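Each chain, written out:
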Amino acid sequence: QETLLNDSDISDLLVEISKRGMPTLKGLTSGGSESLGEIGMLTALRILQSDFENDSGIPSLIPTNDANTVNLVISIDPFERYFEDLKLALSFPTLDRPDLLVFSLRFSNSEPVSLNIVPLEVKVRTDKMSPKEQESCLKQASNFSEFLVKLSEIGAQNSLWGIAWRNLLATM
């Protein structure tokens, strides 16, 4: 049975897409696998962080604010060039990257005390993924995590790389 959206529903969805900064309307309306992927990203974001929906009534798996922690789910795509340039400069293998990064910034007495970054890969399939495909997805996220660790360690040892690391974090 088809569900029709009224103008208010469409407007709310466009506002949500705009607030999240993704997925793009062009990607959603293009059809085919690109459209399916964008719908998958929007679905994943809604499950992970429902704070951007109007009156969703569903608690987020990753709340935006939780006691002394601020959590942000960020799409990597807009920062692709930053990552590729940094990987090239570090001679780090340029493999696929995950779709999302979850930033968890913990505070104590209004001062940041820790930052945890978790890469997430989002896949939408019409069929079940094979174990090899699942392993490939996990490898994308773990490889990117290794890159972030290397960049942060070099940033702690070298002031110029430290600026690059902090600039990347501030830009995201």
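The structure under discussion appears in the preceding block.
Source: prediction; values computed, not measured. (Residues numbered from 1 in each chain as written. Predicted model: local features only at pLDDT ≥ 70, side-chain atom pairs only at ≥ 80, totals over all residues. Heavy atoms only, no water.)

Asker: In this structure, what is going on with the packing of helix α5 (residues 131-157) against helix α6 (residues 159-171)? I would like to understand it.
Answerer: Each packed pair of helices is defined by two parameters, the angle between the axes and the distance between the axes. One can describe the packing of α5 onto α6 by two numbers: an axis separation of 6 Å at closest approach and a directional angle of 130 degrees. Here α5 lies oblique to α6, going by the angle between them. Crossing handedness for the pair α5 and α6: left-handed. Residues Leu148, Leu151, Ser152, Ile154, Gly155 and Gln157 of α5 form the contact with α6, whose own contacting residues are Ser159, Trp161, Gly162, Trp165 and Leu168. (Axes fitted to C-alpha atoms, helices over the stretch in contact; angles between N-to-C directions. Helix = DSSP H or I, 4+ residues; strand = E, 2+ residues; numbered from the N terminus. Parallel < 35°, antiparallel > 145°, perpendicular 65-115°, else oblique. Left-handed = near helix turned anticlockwise from the far one by under 90°. Contact = heavy atoms within 4.5 Å.)

Asker: What should I look at first to understand helix α4 (residues 80-89) in this one?
Answerer: Residue pairs three or four apart in sequence face the same way in an α-helix, which turns once every 3.6 residues. Of the positions making up α4, those classed as buried are Phe83, Leu86 and Lys87. Projected onto a plane normal to the axis of α4, the buried residues spread over an arc of 100 degrees and lie on a single side. α4 presents Arg81, Leu88 and Ala89 as exposed residues on the side facing more than 90 degrees away from its buried surface. Next to the buried residues of α4 lie β3 (100-108), α5 and α6. Ser91 sits one or two residues past α4 and shows a positive phi near 55 degrees. (Buried < 20%, exposed > 50% of the residue type's maximum accessible area, 1.4 Å probe, protein only. Arc of directions from axis to C-beta.)

Asker: Explain the packing of α4 against α5 here, please?
Answerer: Contact pair α4 / α5: the axes reach a minimum separation of 11 Å and the direction vectors enclose 65 degrees. Taken together, the axes of α4 and α5 lie roughly perpendicular to each other. Every pair of crossing elements has a handedness; the one defined by α4 and α5 is left-handed. Residues Phe83, Leu86 and Lys87 of α4 lie in contact with α5, whose contacting residues are Phe144, Phe147, Leu148 and Leu151. Grouping the amino acids of the contact of α4 with α5 by side-chain chemistry returns six nonpolar, no polar and one charged. (Nonpolar A, V, L, I, M, F, W, Y, C, P; charged D, E, K, R; others polar.)

Asker: When you look at the nonpolar core in this model, what are you seeing that I'm missing?
Answerer: Nonpolar side chains in soluble globular proteins tend to be buried together. Core analysis: the biggest nonpolar cluster contains 17 residues, and Phe83, Leu101, Phe147, Leu148 and Met172 have the highest contact counts within it. Where this core is concerned, the elements lending two or more residues are α4, β3, α5 and α6. Among the elements that take part in this core, α5 stands out by supplying four residues, more than any other. Non-local contacts of Phe147, meaning those with residues more than four positions away in its chain, are made with Phe83, Leu86, Lys87, Leu90 and Phe92. Of all hydrophobic cores here, the second largest spans nine residues; its members include Met41, Leu48, Val73 and Leu100. (Core = buried A, V, L, I, M, F, W, Y, C linked by side-chain atoms within 4.5 Å.)

Asker: What's the story with the sheet that holds strand β4 (residues 111-120) in this structure? I'm lost.
Answerer: One key point about sheets: their strands pair by backbone hydrogen bonds, in either a parallel or an antiparallel sense. Read across the sheet, four strands follow the order β1-β2-β3-β4 without closing on themselves; strand pairing throughout is antiparallel. Taken across any chain shown, the strands that pair with only one partner, and hence form the sheet edges, are β1 (65-66) and β4. In the sheet, strand β2 (residues 69-75) pairs with β3 via seven bridges, with the strands oriented antiparallel. Paired with Thr69 across the bridge in β3 is Arg106. (Pairing = 2+ DSSP bridges.)

On their own, these measurements won't tell you what the molecule is for.
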